[in-house]
Amino acid sequence: MLTADIGAGWRRTRASGDPVTATPWSRTPARNRALAGAWQPGQPRERDSAAPWSAIPARDPSGRLPWGEAPPAEARSASAWNAVPPRDHAAAGGWDSSIRPREVRLRLLYNPQPARKDLGTAQVFQRCDEFGPRIDAAEALRRSVYLHGTLPLAFDFAGERYSPGSTPEVFFDFVYVAPIRAIQPVDSGSADRWQSARRLDLRRALRWGPGQPQDPAGVGIAYPDYDGPVIAIEPAVEPDILETYMIANSVQLVVLPERTPLEATGLSVGRDIDAYSWQFSAQLLGRTSLNLVRPDAGGPKTVELTINGHVWVFLIERYSSQGKFPAERFTIGGVSRTQLLAEPYAPRRSAVNAVDINAQQVAADQLTNTGFSLTWDVANQYPPDWTIPAGAFSYQEQTALQVIARVAEAIGAVVKPARDSDALSVIPRYRAAPWAWAGEVMERIIPAEIVGEWGSEWSPQPEWNSCYVSGTSHGVAVDVRRTGTAGDKPAPDVYDDLITGTDAARSRGIAELAKGGNQEIVTLSLPLFPEATAPGLIEPAMLCEVRDIDGTWRGLCLATEIAAEGVGAARVTQTVRLERHH
């Protein structure tokens, strides 16, 4: 084996006074001095432009770079990374390896150990046996008794406590140890299941918005944050049944705005369900009365008719005269003020919707700057409102009332004019289908005791149970079928440009199906009771309950006509035509 020792000695560095050889990268040979890089001292001619990486000249020893060795004068400013002097041992921090003996007793405060006597009282929470087979404790106890063959071993102690003898050959030890098993929920077999409710009556679905009670009977609850109608449909008032009815009829016809009375007789007021205005006719006694209502250059005159508290306002648009010396008679005719929206008073217009618009907005736009108001009660009367896409609705040379009637017809609705104000409403022709009238709220009750004359006409129609309703260039196609039927008896198909929504198609389909079936038109004549006395005035599109002699039935009012004979306290009768379905 050869062992060699190699040693090197450490010595102090050379003083840094020589600016030429002070570079830490060793001396460069003389033959390479001309090619020295930026790391060597610059040539004398380049001293002014020396790079900062060159050695610092001798005249700048105070500006040495910090990479050199610190002079001994700076030894006392040693950094905090050196060893802590012995005088700092007493100030050891809490990160030492152990706590001093005098602080050992404080360790228990952070980890208290309970006494052994408390360890046995800890509760253990486990899951119960929710889905396991049901265990009958009585049956388990019975099976635990000793069985001999196929019969159980019976013990009879005659009602006394079993006490074996002191030295018996055989004795029994009656001890029952219940098996350890998880507990089971007692009522787990009767858990309720939640699922979606059946959709029975879509027309009474609640809408998002201000709360509106859907119970027509009302509950008598005040809604402080809603000032609209409290009930959907005002229920009919029970009429008084009397042996004799005595009515002091009051008829008054005046000219507006002066309210000049007119002498008239033979007054007649009427409207059917498809008419846009009330019709009026009367006979005037004398030329003086005619001159008060004769149309002139200013347009038609306006009259107000009041019959037993029911008020109408009419425009006198025509008259005729007939005379034979020495007597003469004049006949006038008029319409309610909604006729101002139709010919010959309203201009004809043409338009097409350039943007998407609701049907209710189409009708409301026709009344702009006319002074008339529109009622489209989607929540209570159920005429649906739907969106009409751009370009789907257009009309040419039509008046405002024709456009509104066109929109109402698309969903099987009708226009209801106001009697004494500038207003109109869009209501469904059939507020409910005839097969659902039994559960609907009636608006009028007509007992047989107040009917003076009656008549009927049998008018059967095919009993349809389905109808195909579709749009044309826009819209949807819906097959409306009566609930509970096979839909095998379709009605004639309906195509309409405005059928652009499912709700509109459904409403139109119900209206078409309601026209079918065995039905009759019943005509009843009864007095026109004052406004506060039931049944009062019966208007078209009202659902009425007729308590006939043979039984009670329900029908839809198709037309109303009121006749007042005489002057002043005249005889007033009200004749209604009802559509009854069998």
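Note that the structure is a prediction, hence the values are computed from the model and not measured.

Right, let's get into the environment of G484. Mapped onto the fold, G484 is located in the loop between β20 (477-481) and β21 (494-495). Taking the C-alpha atoms as reference points, G484 and N465, separated by 19 residues in sequence, lie 9.4 Å from one another.

The end-to-end C-alpha distance of helix α5 (residues 502-514) is 18 Å, a good match for the 18 Å that 13 residues give at a rise of 1.5 Å each. Most of α5 is tucked away, with 10 of its 13 residues classed as buried. The complete set of buried residues in α5 reads A504, A505, S507, R508, G509, I510, A511, E512, L513 and A514. Of the surrounding secondary structure, the elements contacted by the buried residues of α5 are α4 (400-410), β19 (466-470), β20, β21 and β25 (571-581).

Another point: the sheet that holds strand β16 (residues 423-428). The strand order across the open sheet formed by 3 strands is β12-β16-β15, and the pairing between neighbours is mixed. Of all strands in the sheet, those bounded by a partner on one side alone are β12 (373-375) and β15 (413-417). On average, each strand axis in the sheet is tilted by 25° relative to the strand beside it, whichever way the strands run. Relative to β16, β12 runs parallel, the two being bridged by 3 bridges.

Moving on, we come to the sheet that holds β20. The strand order across the open sheet built from 3 strands is β20-β19-β21, with neighbouring strands paired in mixed fashion. Every other strand in the sheet has two partners, leaving β20 and β21 as the edge strands with one partner each. Bridging between β19 and β20 involves 5 bridges; their strand directions are antiparallel. By the bridge assignment, S470 is partnered in β20 with A477.

Here we take up α4. Within α4, 8 of the 11 residues are buried, which leaves it mostly tucked inside the rest of the structure. For α4, the set of buried residues is A400, L401, V403, I404, A405, V407, A408 and A410. On its buried side, α4 packs onto β10 (349-352), α3 (359-366), β14 (394-398), β15, β16 and α5. Two residues or fewer past α4, G412 is found with a positive phi of approximately 75°.

Relative to strand β24 (residues 552-565), strand β5 (residues 264-272) runs antiparallel, the two being bridged by 6 bridges. Bridging across to β24, L267 finds its partner in A564. As judged from the 5 bridges shared by strand β23 (residues 543-547) and β24, these two strands associate in the antiparallel manner. The partner of E545 across the bridge, within β24, is R554. The loop that links β23 with its antiparallel partner β24 comprises 4 residues; one of these, G551, has a positive phi angle of about 155°. Sheet topology note: the β24/β25 ladder contains 10 bridges and is antiparallel. Pairing of T560 across the sheet is with V576, part of β25.

The buried fraction of β23 is high, at 4 of 5 residues. Alignment of strand β17 (residues 444-447) against β23, held across 4 bridges, turns out to be parallel. By the bridge assignment for β23, I446 is matched with V546.

Conventions used here
- Residues numbered from 1 in each chain as written.
- Predicted model: local features only at pLDDT ≥ 70, side-chain atom pairs only at ≥ 80, totals over all residues.
- Heavy atoms only, no water.
- Helix = DSSP H or I, 4+ residues; strand = E, 2+ residues; numbered from the N terminus.
- Expected span 1.5 Å × (residues − 1).
- Buried < 20%, exposed > 50% of the residue type's maximum accessible area, 1.4 Å probe, protein only.
- Contact = heavy atoms within 4.5 Å.
- Pairing = 2+ DSSP bridges.
- Axes fitted to C-alpha atoms, helices over the stretch in contact; angles between N-to-C directions.

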